[in-house]
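Working through the structure, step by step
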Amino acid sequence: MKTIAALTTGALLASIAQAQVVQWDIVKRQTGRPKFTRRQEGTFEEIITNEKLRGGYFASCQVGSPGQNLTLQLDTGSSDIWVPSSGASVCQTSSQNSGCTFGSFDESASDTFSVVSTNDFSISYVDGSHSRGDYVADTFEIGGAALKNMTMGLGLETDIPYGLVGVGYALNEAIVAGSGSTSEVYDNLPVLMQKEGLIATNAYSLWLNDLDASTGNILFGGIDMGKYKGELTRISIYKDSRTNAFTSFIVALTSLQAASSSGTDSLSSSEFPVHVVLDSGTTFSYLPTELAEQVWQEVGAGYNGDIGLPLLPCSMENSRGHFSFGFAGPGGPIISVTMDELVLPLTNGEAPTFQSGPYRGQDACQFGIQNFSSPPYLLGDTFLRSAYVVYDLVNNEIAIAPTDFNATTSNIVAFPSEGAQIPSATAAPNQSQATQSSSINTPSFDASNGFQSAAPQLPPAIDWSSMAIMGASMGLVMVGSGFFLLF
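Residues numbered from 1 in each chain as written. Predicted model: local features only at pLDDT ≥ 70, side-chain atom pairs only at ≥ 80, totals over all residues. Heavy atoms only, no water.

Regarding the overall build of the chain
Across its full length, the chain carries seven helices and 31 strands. Within the span of the chain, comprising 487 residues, buried residues form 60% of the whole. Surface exposure of the chain reaches about 18,300 Å², of which carbon and sulfur atoms provide 46%. (Helix = DSSP H or I, 4+ residues; strand = E, 2+ residues; numbered from the N terminus. Buried < 20%, exposed > 50% of the residue type's maximum accessible area, 1.4 Å probe, protein only. Areas by Shrake-Rupley, 256 points an atom, 1.4 Å probe, with all protein chains shown as cover.)

Structural notes on the state of the cysteines
Applying the stated rule across the entire model yields two disulfides. A disulfide bridge connects Cys-314 with Cys-365, and the sulfur atoms are separated by 2.1 Å. Every disulfide takes its handedness from the sign of the S-S torsion; for Cys-314 and Cys-365 that torsion is 100 degrees, giving right-handed. A residue pair is termed long-range when its members are at least 10 positions apart, and Cys-314 in the loop between strand E21 (309-313) and strand E22 (322-327) and Cys-365 in strand E25 (residues 364-367) qualify at 51 residues. Residues Cys-314 and Cys-365 agree in their burial class; the two are buried. (Disulfide = S-S within 2.5 Å.)

Overview of the sheet that holds E25
If you walk across this open sheet you meet the four strands as E20-E21-E25-E24, and the pairing is antiparallel. The sheet is open, and its two borders are formed by strand E20 (302-304) and strand E24 (343-345), each paired with just one other strand. Geometrically, the sheet is characterised by an average inter-axis angle of 50 degrees between neighbouring strands, direction not taken into account. In this structure, E20 lies alongside E21, joined through three bridges in antiparallel fashion. (Pairing = 2+ DSSP bridges. Axes fitted to C-alpha atoms, helices over the stretch in contact; angles between N-to-C directions.)

A word on the nonpolar core
In terms of nonpolar packing, the biggest core is built from 91 residues, with Phe-140, Leu-189, Phe-323, Phe-327 and Phe-383 touching the most fellow members. In terms of residue count, strand E16 (residues 245-260) provides more of this core than any other element does, eight residues in total. Counting 13 residues, the second largest nonpolar core, distinct from the first, contains Val-390, Ala-401, Phe-415 and Ile-422. (Core = buried A, V, L, I, M, F, W, Y, C linked by side-chain atoms within 4.5 Å.)

As for the packing of aromatic side chains
Summed over all chains, the structure comprises 19 aromatic pairs. Measuring from ring centre to ring centre gives 5.3 Å for Tyr-169 and Phe-249, while their planes differ by 35 degrees; the resulting arrangement is tilted. Of this pair, Tyr-169 sits in the loop between strand E10 (164-166) and helix H2 (174-179) while Phe-249 sits in strand E16, and the two are 80 residues apart along the sequence. Here Tyr-169 matches Phe-249 in class, with each residue buried. Summarising the aromatic geometry, the rings of Tyr-286 and Phe-372 are spaced 4.4 Å apart at their centres and angled 20 degrees between planes, so their arrangement reads as stacked. Placement of Tyr-286 in strand E19 (residues 285-288) and of Phe-372 in strand E26 (residues 369-372) is noted, with a sequence separation of 86 residues between them. Judged by its relative accessible area of 18%, Phe-372 falls in the buried class. These aromatic residues form a ring-pair network of at least three members: Tyr-169, Tyr-204, Phe-220, Phe-246, Phe-249 and Tyr-391. When the ring centre of Trp-207 is taken as origin, the NZ or CZ atom of Lys-227, which lies over that ring, is 5.2 Å away. (Phe/Tyr/Trp six-rings, centres within 6.5 Å; stacked < 30°, edge-to-face > 60°. Lys NZ or Arg CZ within 6 Å of the ring centre and 35° of its normal.)

Side note on the pattern of salt bridges
Applying the stated criterion across every chain yields a total of six salt bridges. In this structure, Asp-187 engages Lys-195 in a salt bridge whose closest nitrogen and oxygen atoms are separated by 3.0 Å. You can call Asp-187 partly exposed: its relative accessible area is 31%. Between Glu-397 and Arg-234 there is a salt bridge; the shortest N-O distance is 3.0 Å. (Salt bridge = Lys/Arg side-chain N within 4 Å of Asp/Glu carboxyl O.)

Regarding unusual backbone geometry
The omega torsion across Ser-65 and Pro-66 is -5 degrees, close enough to zero to call that bond cis. A cis geometry characterises the amide bond from Pro-375 onward to Pro-376, with omega recorded as 5 degrees. Position of Pro-376 among the secondary structure elements: in the loop between E26 and strand E27 (377-379). Non-glycine residue Asn-396 carries a positive phi angle of around 55 degrees. Inspection of the secondary structure puts Asn-396 in the loop between strand E28 (387-392) and strand E29 (397-402). With phi around 55 degrees, Asn-406 is a residue other than glycine that occupies positive phi space. Looking at the secondary structure, you find Asn-406 in the loop between E29 and strand E30 (412-414).

Considerations on the environment of Asp-111
Inspection of the secondary structure assignment puts Asp-111 in the loop between strand E6 (81-84) and strand E7 (114-124). For Asp-111, a relative accessible area of 70% puts it in the exposed group. For the pair Asp-111 and Pro-66, spaced 45 residues apart in sequence, the C-alpha to C-alpha distance is 7.3 Å. Excluding anything up to four places from it in sequence, Asp-111 contacts Ser-65 and Pro-66. (Contact = heavy atoms within 4.5 Å.)

Quick notes on the environment of Asp-120
Here Asp-120 is to be found in strand E7. Using a relative accessible area of 39% as the deciding quantity, one classes Asp-120 as partly exposed. Along the chain, Asp-120 and Gly-178 lie 58 residues apart, while their C-alpha atoms are 7.9 Å from each other.

Regarding the environment of Ser-108
For Ser-108, the position within the fold is in the loop between E6 and E7. Spatially, the C-alpha atoms of Ser-108 and Ser-86 are 9.8 Å apart, while their sequence positions differ by 22 residues. Within the structure, Ser-108 has its side chain in polar contact with the side chain of Asp-106 (distance 2.6 Å). (Polar contact = N/O pair within 3.5 Å; in protein donor to acceptor, adjacent residues only side chain to side chain.)

Below, the structure is given as structure tokens:
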């Protein structure tokens, strides 16, 4: 989750003697709170839920002693764990407020709670939502593996009704941005897991599976060779141009193609190579406007200024066209994203309908590729579901391969030591060419007919009478890494 401050500044292999991997499983949300399970010695599994409309992926955790159950959002784009205090106003239930339905933390009920620094935790998001309070330390449990004295933010004043588990670079912690000093860095979750011997090195892999999947996972300290197709390819993470430091997972997007039964188009942008952030805390993906508009034209999406979103018929989820994202220059990894991963409902109730234009009478959905006019550009869940991604925070590399949707096999390989390279991954061959500027050519849109039969000339009208709950449901969708729309 990228903040305002950041914008300015399984089973353990039998041959492994000590704990080397920790896995959280991702499943569809179920009624009631999932149970923690311990698998083999040194290996722990925890349920993470896929909140399709809320946006993001959520993990059931325990905080304090005795443990208090909270469900927190997993976020590769931020670096702090923070939890809402049970005393925060947002957690108080009323006729207008459902409270913190994913849980809150009562610090007075924990025997191991301590305050690290008062009033130093402060994180704000571009839409104005925020969380402020203290940095605290307490026991944090993930699937039965307890980390003592885990530093966390305690949201005493917040308008966000749930907390987060940030697993990004420690230099991206809110305290660093707030103080302007790297001396304030503390051991965040993946760093502490490595120091406590749960994993050999600061690295993890992410398998979100498809939009309607019942399973998926984040695996700390290893990769699962049963969850991707083909070969893993290593690509470089780039330093933040403003700080000249590694603070987020920035990689080079060097090509984007649209392909359907009617043809293939190479889309063009003056921004190529586009530096994009891989971020699980983002519901959608955000590309430079000129590139996003070409994507919309391919699929027949029309931008609706009333709600600030590109819209298209919900039936387009059945389109057989796809987009291929290429990284790190010629010969680099390519991830194809199909339309059923890119067409998302507008509401959690009955779909609104187009009232005019070529889609009149059809149900309206939102499109998962949206636009930003300037960096940072983001590849969120609408992209990440189609990729198996390994994050290596020691060697500053990403390994990526096409995901194996709904895979039923598992073949976990742990990193053997601190700083070891990503197992079974080879380096992209032409990364030096990823810094070269791209020529700009207007695509012929040959693929467009295969995606859809007609594209709107103007943003189509919406039947707003069907959208009484629009504000509530859209308010829970994340519009970029940390760009919550939390009304």
